[in-house]
Amino acid sequence: MSNWDSTVGPSGDPVGQTSRSSAFRAFARRHGVSDDAITRLLWSMEPAVYFKQKTPESVRPGDRVIGHIGGAPALPLDMEWKAGDIFVASFDLAAVPRTLFDDGLPREGHLLLFTWSDAGGGKALYIPPGTKTTVRPAPVPSELDLQFGSSHMMLDRWTMVASHNDAWDAHAWLIGEDHGGIWGEPEGEEAEWHARLEAAVEEYAAKVGVRPAMDNSTDKLRGVQGNIHHSWDKSTEAFQRLREEAVRELRDAPERFDEVYDRAWRELPGQPLLHLATFNMESLQYDWMDGDISWLISRDDLHARRFDKVEHYWLG
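Some words on the environment of Phe239
Here comes step 1: Within the secondary structure, Phe239 sits in helix H5 (residues 236–249).
Here comes step 2: Here Phe239 falls in the buried class, since its relative accessible area comes to 1%.
Here comes step 3: Along the backbone, Phe239 and Ala264 are 25 residues apart, and their C-alpha atoms lie at a distance of 7.9 Å.

Now the structure itself:
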């Protein structure tokens with residue numbers, strides 16, 4: 001079995017054990033990865049689903065289709081498609097590959113993403129399974145909008161196909177330039193922390209025989225943003241320091257990882273935002289703008305499925 005299956009990870013390992021981290025630790029341990037390396041990876045990596053877009057007619061039988069880009073959205077019966085809300089994509093969450101890293105996403109229903117015509121804002125909508133929906137026609141601009149030459153933009157419809165079956169992203173400031181992360185050389189204690197994490201990645205790759213894809217610049221669901229979001233400004237050093245403290249604390253009790261990790265998040269100054277999704281505007285054929293648009297969410301809101309709290313971010 002492969003980790004395209006919704007109930008297994010690499011080599012058929014069970015997913016969804018009693019702890020969010022237990023499946024990954026059991027798998028890595030079985031391949032001889034040290035507990036110290038496992039703790040650093042669990043702490044620093046986010047699961048990612050990279051995808052590419054295809055025309056509907058070019059989709060092959062073996063492709064893992066996870067949703068679609070553009071066209072018209074299927075919305076709940078009591079919800080209108082508002083003028084100015086540019087529909088970007090709909091993810092079928094039941095079809096999204098599930099791996100040994102917990103991504104915090106629901107495993108059913110649909111996640112819809114919208115941006116504004118100037119990419120200055122946007123929103124997310126989670127539609128639970130069983131919700132009756134209908135495909136909405138494009139909104140009609142007001143007479144005033146039409147007088148100023150404004151119309152409702154619709155993106156071309158594409159099919160999203162998952163492009164890797166084993167992918168992580170490291171928080172961008174933790175993994176070096178080879179993986180699209182930090183530039184320049186870290187110094188002092190930070191350099192030591194960084195080297196230990198790099199060594200953990202290398203140990204995993206050598207022991208397991210698989211090097212998960214890591215590409216901060218690609219179109220993706222979850223993972224991390226290609227740049228450091230300002231919500232991490234006061235938390236970066238604390239996040240790394242707490243990780244190294246956790247490695248020592250968990251040597252005799254690795255099963256307490258989730259407890260220690262959850263406590264550490266409460267200790268961080270503020271609640272840094274996690275990455276939900278990114279699209280490159282050129283790949284969307286957003287003809288008159290470039291850069292990336294991202295949707296970000298707090299850890300608490302992600303686990304509580306409060307997708308109405310998502311923040312939109314444009315990087316030009």
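So, next bit.
As for the side chain of Arg25
Here comes step 1: For Arg25, the location among the structural elements is in helix H1 (residues 22–30).
Here comes step 2: On the accessibility criterion, Arg25 (5% relative accessible area) is buried.
Here comes step 3: Among the polar contacts made by the side chain of Arg25, one reaches the side chain of Asp35 at a distance of 2.8 Å.
Here comes step 4: Once residues lying within four places of it in the same chain are set aside, the contact partners of Arg25 are Asp35, Ile38, Thr39, Leu42, Pro254 and Phe257.

A short note on the pattern of salt bridges
Here comes step 1: Per the counting criterion, the structure on display carries 22 salt bridges.
Here comes step 2: The salt bridge partner of Arg222 is Glu46, with a shortest N-O separation of 2.7 Å. In this pair, Arg222 is assigned in strand S10 (residues 220–222) and Glu46 in strand S1 (residues 45–54), connecting sequence segments 176 residues apart.
Here comes step 3: Between Glu202 and Arg211 there is a salt bridge, with its nearest N and O atoms 2.9 Å apart.
Here comes step 4: By relative accessible area, which is 46% here, Arg211 ends up partly exposed.
Here comes step 5: Among the charged side chains, a salt-bridge network with shared partners connects Arg40, Glu192, Arg196, Arg243 and Glu244.

Overview of the packing of aromatic side chains
Here comes step 1: Summed over the entire model, instances satisfying the criterion amount to 19 aromatic pairs.
Here comes step 2: For the ring pair Trp43 and Phe239, a centre distance of 6.3 Å and an interplane angle of 50° mean the geometry is tilted. A residue pair is termed long-range when its members are at least 10 positions apart, and Trp43 in helix H2 (residues 35–44) and Phe239 in helix H5 qualify at 196 residues. When sorted by exposure, Trp43 lands in the same class as Phe239, which is buried.
Here comes step 3: Between Tyr261 and Trp265, the aromatic rings sit 6.3 Å apart at their centres with planes inclined by 80°, giving edge-to-face as the arrangement. Separated by 4 residues within a single helix, Tyr261 and Trp265 lie in helix H6 (residues 257–267), roughly one turn from each other.
Here comes step 4: You can call Tyr261 buried: its relative accessible area is 10%.

Details of the pairing of S1
Here comes step 1: The buried fraction of S1 amounts to 8 of the 10 residues, a majority that puts the element mostly inside the structure.
Here comes step 2: Bridge count between S1 and S10: 3 bridges; the pairing is antiparallel. Among the inter-strand pairings, Tyr50 is bridged to a residue of S10, identified as Lys220.
Here comes step 3: By the bridge criterion, 4 bridges tie S1 to strand S8 (residues 158–162) in an arrangement that is antiparallel. What sits directly across from Lys54, in S8, is Thr159.

Concerning the pairing of strand S2 (residues 65–69)
Here comes step 1: With respect to burial, S2 is a largely interior element, 4 of its 5 residues being buried.
Here comes step 2: Sheet analysis places S2 next to S8, joined by 4 bridges and oriented antiparallel. The partner of His68 across the bridge, within S8, is Thr159.
Here comes step 3: Relative to strand S4 (residues 85–92), S2 runs antiparallel, the two being bridged by 3 bridges.

Quick notes on the packing of H5 against H6
Here comes step 1: At their nearest, the axes of H5 and H6 sit 11 Å apart, and the two run at 150° to each other. By the angle between their directions, the pair H5 and H6 is classed as roughly antiparallel. For the crossing formed where H5 meets H6, the hand is right-handed. On H6, the residues that touch Phe239, Leu242, Ala246 and Glu249 of H5 are Val260, Tyr261, Arg263, Ala264, Trp265 and Glu267.
Here comes step 2: Split by residue class, the contact of H5 with H6 holds 7 nonpolar, no polar and 3 charged.

So, helix H4 (residues 188–208)
Here comes step 1: For H4, which comprises 21 residues, the first-to-last C-alpha distance of 31 Å matches the rise-based estimate of 30 Å (1.5 Å per residue) to within 8%.
Here comes step 2: Those residues of H4 that sit buried are Trp193, His194, Leu197, Ala200, Val201, Tyr204, Ala205 and Val208. Looking straight down H4, one finds its buried side chains confined to an arc of 130°; they lie on one side.
Here comes step 3: Contacts made by the buried residues of H4 are with H1, H2, S1, strand S9 (168–170) and H5.
Here comes step 4: In the segment just after H4, Gly209 is the residue with positive phi, at about 85°.

Calculation criteria
- Throughout, a residue's number is its position along its own chain's written sequence, starting from 1.
- Since the coordinates come from a predicted model, pLDDT governs what is reported: local features require at least 70, and pairs of side-chain atoms require 80 or more to be given and counted, while whole-chain, interface and lining totals use all residues.
- Computation of side-chain values: all heavy atoms of the structure, hydrogens and water removed.
- For helices the rule is a DSSP run of H or I covering at least 4 residues; for strands it is a run of E covering at least 2, with both sets numbered from the N terminus onward.
- Three exposure classes are used, based on accessible area relative to the maximum for each residue type with a 1.4 Å probe and protein chains only: buried under 20%, partly exposed in between, and exposed over 50%.
- Definition of a polar contact: a pair of N or O atoms within 3.5 Å, with one able to donate and the other able to accept a hydrogen when the atoms are protein atoms, and with sequence-neighbouring residues admitted only if both atoms are side-chain atoms.
- Any two residues whose heavy atoms approach within 4.5 Å at even a single point are treated as in contact.
- For salt bridges, the criterion is a side-chain nitrogen of Lys or Arg within 4 Å of an Asp or Glu carboxyl oxygen.
- Any two rings among Phe, Tyr and Trp, with Trp reduced to its six-membered ring, count as a pair given centres within 6.5 Å; such a pair is stacked if its planes are under 30 degrees apart, edge-to-face if over 60, and tilted if neither.
- Two strands qualify as a pair provided that DSSP identifies no fewer than 2 bridges between them.
- The angle between two axes is taken between their N-to-C directions and runs from 0 to 180 degrees, where each axis is a line fitted to C-alpha atoms and a helix contributes only its stretch in contact.
- Orientation labels follow simple angle bins: below 35 degrees gives roughly parallel, above 145 gives roughly antiparallel, 65 to 115 gives roughly perpendicular, and whatever is left gives oblique.
- By definition, any crossing whose near helix is turned counterclockwise from its far helix by less than a right angle is left-handed, and any crossing with a clockwise turn is right-handed.
- When residues are grouped by polarity, Ala, Val, Leu, Ile, Met, Phe, Trp, Tyr, Cys and Pro land in nonpolar, Asp, Glu, Lys and Arg in charged, and all others, Gly among them, in polar.
- What a helix should span is 1.5 Å times the count of its residues minus one.
- As used here, the arc is the angular range of directions from the helix axis to the C-beta atoms.

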